[in-house]
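Coordinates in review
What follows is the residue order along each chain.
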Amino acid sequence: MKSGLRTFFGIAAITSAIALSAVRADACTGITLKTVDGKLVPARTIEWGGSNLNSRYVVVPRGYAQQSMTPGGKTEGMRFSARYGYVGLSVEMKEFVAEGINEAGLSAGLFYFPGYGKYEDYDECLKESSIADLQLVSWILGNFKTVEEVKEGMKNVHVIAIDPRASTIHWRITDKSGKQMIIEIIDGKTNFHEDGIGVLTNSPDFRWQMTNLNNYVNLYPGGAKPQKIGEMNLNAFGAGSGFLGIPGDVTPPSRFVRAAFFQNTAPAQKDEESAALQAFQILNNFDIPMGVEFGAGEIPADIPSATQWTSATDMYNLKIYYRTMYNSSIRCIDLKTIDFSKVKYTDMPLDEVMRQPVTYIKIK
């Protein structure tokens with residue numbers, strides 16, 4: 001890996017910003033839709049209101065070699081090569097893939113997990129098996145094709161933080177068999193949770209979020225039935241009154257509840273592309289405007305949205321879809337069109353133009 005020191009200081013800037021303003025970093029929302037024949041389509045948002053994450057898409061060929069970063073401005077951690085080619089969407093540095101899919105159909109992504117996760121302390125004697133948390137997705141996509149393989153492989157690595165001041169992370173892994181797993185490292189211990197509902201946000205931990213769903217057992221799709229109190233008839237004001245009381249704020253617990261109910265009531269689509277398009281519609285509900293991120297008197301960052309991009313992954317047809325805060329048009333990268341034995345490593349901005357042009361309709 002070239003320019004390791006320069007790269008380290010680049011990530012140090014972003015991790016320090018996250019550490020000092022964690023509330024602006026902890027707003028990723030993940031859902032998983034199903035087609036009528038039971039195929040899974042994982043989708044997610046990624047938020048950061050402090051600055052432009054300069055996200056890029058990366059195309060990684062088979063055999064591409066990387067080395068993990070380590071604390072102290074060094075690049076001397078675990079070396080790993082890609083057994084499988086993959087496409088990823090990165091944040092801040094091209095090495096830090098936040099979401100992606102490999103040619104075997106494995107989907108993987110990272111979600112911020114502030115205040116609850118805790119990795120083991122970095123031990124220089126174990127540097128050859130130590131990998132930075134922000135590079136774990138790259139290692140997973142490059143080396144595994146199933147959730148069970150990832151779980152087994154995690155026994156042989158030590159996940160570390162580059163900057164101990166920064167937020168920790170947890171991960172979501174999904175394969176074509178329909179298995180989805182959440183990985184959380186708490187007090188140095190790696191925990192694996194099967195995600196039976198397909199939802200993930202941020203803190204608290206996954207088990208807490210699942211337990212919290214019981215607080216909303218009263219919610220149901222459709223409308224509430226009329227009631228009578230004394231001589232007065234009570235009727236719903238409009239559609240969707242069965243969801244009256246669903247939390248509408250942007251905290252991770254509230255987004256988890258909202259995502260679970262919106263996803264669970266979404267009609268199954270006929271195919272994976274239709275499910276991906278439906279996922280973008282559902283995730284519109286989780287876009288976070290900049291005004292929520294900054295308190296009175298604070299100057300917002302010069303970006304149009306705290307939700308910087310949204311993606312959906314078709315593991316069966318090997319496609320990853322995305323749209324950004326600058327361009328709401330949905331774009332797609334088709335892995336079947338890529339020869340991962342010949343393609344060169346590629347990284348490109350998600351947006352060629354950093355503002356979405358307005359299309360004017362001519363009326364004749």
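Below is a summary of the structure that appears in this document. (Residues numbered from 1 in each chain as written. Predicted model: local features only at pLDDT ≥ 70, side-chain atom pairs only at ≥ 80, totals over all residues. Heavy atoms only, no water.)

Turning next to the sheet that holds strand E18 (residues 331–334). Taking strand neighbours across the sheet as the criterion, the five strands line up as E1-E2-E16-E17-E18 in an open arrangement whose pairing is antiparallel. Where the open sheet ends on each side, the last strands, each with one partner, are strand E1 (30–34) and E18. Here the average twist between neighbouring strands, direction ignored, is 20°. Pairing geometry for strand E2 (residues 40–47) and strand E16 (residues 307–314), over five bridges, is antiparallel. The residue of E16 that forms the bridge with Ile46 is Trp309. (Pairing = 2+ DSSP bridges. Helix = DSSP H or I, 4+ residues; strand = E, 2+ residues; numbered from the N terminus. Axes fitted to C-alpha atoms, helices over the stretch in contact; angles between N-to-C directions.)

This brings us to the packing of aromatic side chains. For the structure shown, the criterion picks out eight aromatic pairs. With centroids separated by 6.1 Å and ring planes inclined at 25°, the aromatic side chains of Phe243 and Phe262 adopt a geometry described as stacked. Pair noted here: Phe243 is in the loop between strand E15 (232–234) and helix H5 (252–264) and Phe262 is in helix H5, with a separation of 19 residues, a long-range link. The partly exposed category is assigned to Phe262, whose relative accessible area is 21%. When the centroid spacing of 6.2 Å and the interplanar angle of 65° are considered together, the rings of Phe262 and Phe286 count as edge-to-face. Here the residue Phe262 occupies a position in helix H5, and Phe286 occupies one in the loop between helix H6 (272–283) and helix H7 (290–293), the gap between them amounting to 24 residues. Since its relative accessible area comes to 1%, Phe286 is described here as buried. Taken together, the aromatic side chains of Phe243, Phe261, Phe262 and Phe286 make up a single cluster linked through ring pairs. The ring of Phe111 carries the charged tip of Arg44 above its face, separated from the ring centre by 4.2 Å. (Phe/Tyr/Trp six-rings, centres within 6.5 Å; stacked < 30°, edge-to-face > 60°. Buried < 20%, exposed > 50% of the residue type's maximum accessible area, 1.4 Å probe, protein only. Lys NZ or Arg CZ within 6 Å of the ring centre and 35° of its normal.)

Reading across from one edge, E13-E12-E11-E8-E7-E6-E3-E19 is the order of the eight strands in this open sheet, with antiparallel pairing throughout. Edge positions in the sheet fall to strand E13 (189–194) and strand E19 (346–349), since each of these pairs with one other strand and no more. Pairs of neighbouring strands in the sheet enclose a mean axial angle of 30°, with direction left out of account. As paired strands, strand E3 (residues 56–60) and E19 are joined by four bridges and run antiparallel to one another. Bridge pairing in E19 places Val58 opposite Asp347.

Bringing the pattern of salt bridges into the picture now. Under the definition given, this model contains 11 salt bridges. Of the charged contacts, one joins Lys127 and Glu76 as a salt bridge, the two residues approaching to 4.0 Å between their closest N and O atoms. Note that Lys127 is positioned in the loop between strand E8 (107–112) and strand E9 (130–132) and Glu76 in the loop between strand E4 (65–67) and strand E5 (79–81), a separation of 51 residues in sequence. Note on Lys127: relative accessible area 26%, which makes it partly exposed. Overlapping salt bridges, with partners in common, bring together Asp37, Lys39 and Glu272 in one network. (Salt bridge = Lys/Arg side-chain N within 4 Å of Asp/Glu carboxyl O.)

A word on the side chain of Ser90. On the secondary structure map, Ser90 appears in strand E6 (residues 86–91). With near-sequence residues (within four places) excluded, Ser90 lies in contact with Ser55, Arg56, Phe96, Val97, Ala98 and Trp309. (Contact = heavy atoms within 4.5 Å.)

All right, on to unusual backbone geometry then. Note on backbone geometry: most residues besides glycine have negative phi, and most peptide bonds are trans. Of the consecutive residues Ser203 and Pro204, the connecting peptide bond is found in the cis state with omega at 0°. Topologically, Pro204 is positioned in the loop between E13 and helix H4 (206–212). Not every positive phi belongs to a glycine, and Asn54 is a case in point at roughly 50°. Here Asn54 shows up in the loop between E2 and E3. Asn54 sits in the partly exposed class, given a relative accessible area of 43%. Located in the positive-phi region is Asp187, a residue other than glycine, with phi close to 55°. Tracing the chain through its elements places Asp187 in the loop between strand E12 (180–186) and E13.

So, about a nonpolar patch on the surface. Together, Ile229, Met232 and Leu234 make up a nonpolar patch on the protein surface, roughly 280 Å² of accessible area in all. Mapped onto the elements of the fold, Ile229 is located in strand E14 (residues 227–229). Ile229 gets classed as exposed once you look at its relative accessible area, which sits at 54%. (Patch = residues over 30% accessible without salt bridge, like charges linked within 9 Å, V, L, I, M, F, W, Y side chains within 5 Å. Areas by Shrake-Rupley, 256 points an atom, 1.4 Å probe, with all protein chains shown as cover.)

Spanning 12 residues, H6 covers 16 Å between terminal C-alpha atoms, matching the ideal 16 Å at 1.5 Å per step. For H6, the full list of buried residues reads Glu272, Ser274, Ala275, Ala276, Gln278, Ala279, Phe280, Ile282 and Leu283. Those residues of H6 that are buried lie in contact with E1, E2, H5, E16 and strand E17 (319–324). The distance from a side-chain oxygen at the start of H6 to the backbone nitrogen of Glu273 is 3.4 Å, and the residue carrying that oxygen is Asp271. (Expected span 1.5 Å × (residues − 1). Polar contact = N/O pair within 3.5 Å; in protein donor to acceptor, adjacent residues only side chain to side chain.)

The next point concerns the pairing of strand E7 (residues 93–102). Taking burial as the measure, the 10 residues of E7 include nine buried ones, the bulk of the element. In this structure, E6 lies alongside E7, joined through six bridges in antiparallel fashion. Bridge pairing links Ser90 to Val97 in E7. Between E6 and E7, which pair antiparallel in sequence order, lie one residue; one of them, Glu92, sits at a positive phi of approximately 70°. Note that E7 and E8 share three bridges and pair antiparallel. Each bridged residue has a counterpart across the sheet, and for Glu99 the counterpart in E8 is Gly109. The hairpin turn running from E7 into E8, its antiparallel successor, is four residues long, and Gly105 in that turn takes a positive phi close to 90°.

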